[in-house]
Amino acid sequence: SDARDTAPLYTRPADVKRRLKILGLGGLISVVAAVFLIELLFSRPRTPMIVIAPADYELPFQPQPWSHEDLEGFRELDRETLDVRAIESGWKTKDQALRQLDSQLERIIRQPHSPRSIVLYVRMHSAVDGSGVPCLVPPGASPFNSDSWLPLSDLLERFRAKGVPNSIGKLVVLDCAGVQADWGQGIVLNTFASRLSRAVATTGIPNLAVLNGAGPSEIAATSSELRHGVFGHFLKLGLAGAADSEPKIGNGDRVVTLDELHKYLVHHVDEWSRSNRNSPQQPQLIPSDPPEIEVATSLNPRA
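Residues numbered from 1 in each chain as written. Predicted model: local features only at pLDDT ≥ 70, side-chain atom pairs only at ≥ 80, totals over all residues. Heavy atoms only, no water.

Caption draft 1: Seen up close, the packing of helix H3 (residues 67–75) against helix H7 (residues 230–245). Where H3 contacts H7, the axes come no closer than 10 Å and their chain directions differ by 0 degrees. Between H3 and H7, the angle is such that the two are roughly parallel. Counted together, Asp 70, Gly 73 and Phe 74 of H3 and Gly 232, His 233, Leu 235 and Lys 236 of H7 form the full contact between these two elements. Tallied by class, the residues present in the contact of H3 with H7 amount to two nonpolar, three polar and two charged. (Axes fitted to C-alpha atoms, helices over the stretch in contact; angles between N-to-C directions. Helix = DSSP H or I, 4+ residues; strand = E, 2+ residues; numbered from the N terminus. Parallel < 35°, antiparallel > 145°, perpendicular 65-115°, else oblique. Contact = heavy atoms within 4.5 Å. Nonpolar A, V, L, I, M, F, W, Y, C, P; charged D, E, K, R; others polar.)

Set out below in structure tokens:
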């Protein structure tokens, strides 16, 4: 009789192929499980990014063009390089603003795994009160009553008040340079940017840096071609990983540091603004010797 008919079942060619397929599938599942476990145990947690971008300003305030599009751009990075927490409403007054921020900070510090850093992005109108204090102006505030404004120092102090550990890096990104002069808002010359250094130093909060979208006497550009604020557009790209991967700026280790992000933004924002608006726009970093902060990690190459 045929030798194939008398051979033991476990030595027949069809049975051997089936066993090899099962072993191969089992091996593949084991490899995938191992990679997932390593990623879960040893990867850095995504950086929480609180985005505050109220768009409901009414006259005499100027509108915040492309604010919604900037927010949507950051949302594209959610669950990729960042954990984006957006606040679009509820910022009519400074008290509402601080309550919303407190709530987000409390959720972050209650997480099982502490993040290496927290990013707070704010796009609002800015002004300086009669005492020279740089302030944020919520949509429901009066442009002529500084008591309704939110001093920047009060915003920064929430990190300390809510018990954010000193070891966690704190990056506050301000996209608040849309107006340099506006008689309707009672602004002859907005000196917000030039007063930031003192305001940040006064708080004395450890591991804190402030990245402002434009330098003193500069206006933050917007673009109908980009469909974004120029600073917001390049900020999104930098956080996605471009700041780490671009030659001569990043080192390609898939970690976007504050130094890399600042250099990337200074180069691209200023280059775009000079080429398209014939005006400089150099994002400023405060303090001049900032702490070393790992801003984001690109866990997914698609980001």
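Caption draft 2: Expanded view of the packing of aromatic side chains. This model, assessed by the stated rule, comprises two aromatic pairs. Here Phe 74 and Tyr 121 contribute two aromatic rings whose centre-to-centre distance is 4.9 Å and whose plane-to-plane angle is 65 degrees, an arrangement assigned as edge-to-face. Remark: Tyr 121 occurs in strand E3 (residues 117–122) and Phe 74 occurs in helix H3; sequence separation between them is 47 residues. Tyr 121 gets classed as buried once you look at its relative accessible area, which sits at 1%. (Phe/Tyr/Trp six-rings, centres within 6.5 Å; stacked < 30°, edge-to-face > 60°. Buried < 20%, exposed > 50% of the residue type's maximum accessible area, 1.4 Å probe, protein only.)

Caption draft 3: Inspection of the pattern of salt bridges at higher detail. Applying the stated rule across the entire model yields ten salt bridges. Across the pair Lys 236 and Glu 76 runs a salt bridge, and its minimum N-O distance is 2.6 Å. Taken together, the positions of Lys 236 in helix H7 and Glu 76 in the loop between H3 and strand E2 (82–87) put the pair 160 residues apart, joining distant regions of the chain. (Salt bridge = Lys/Arg side-chain N within 4 Å of Asp/Glu carboxyl O.)

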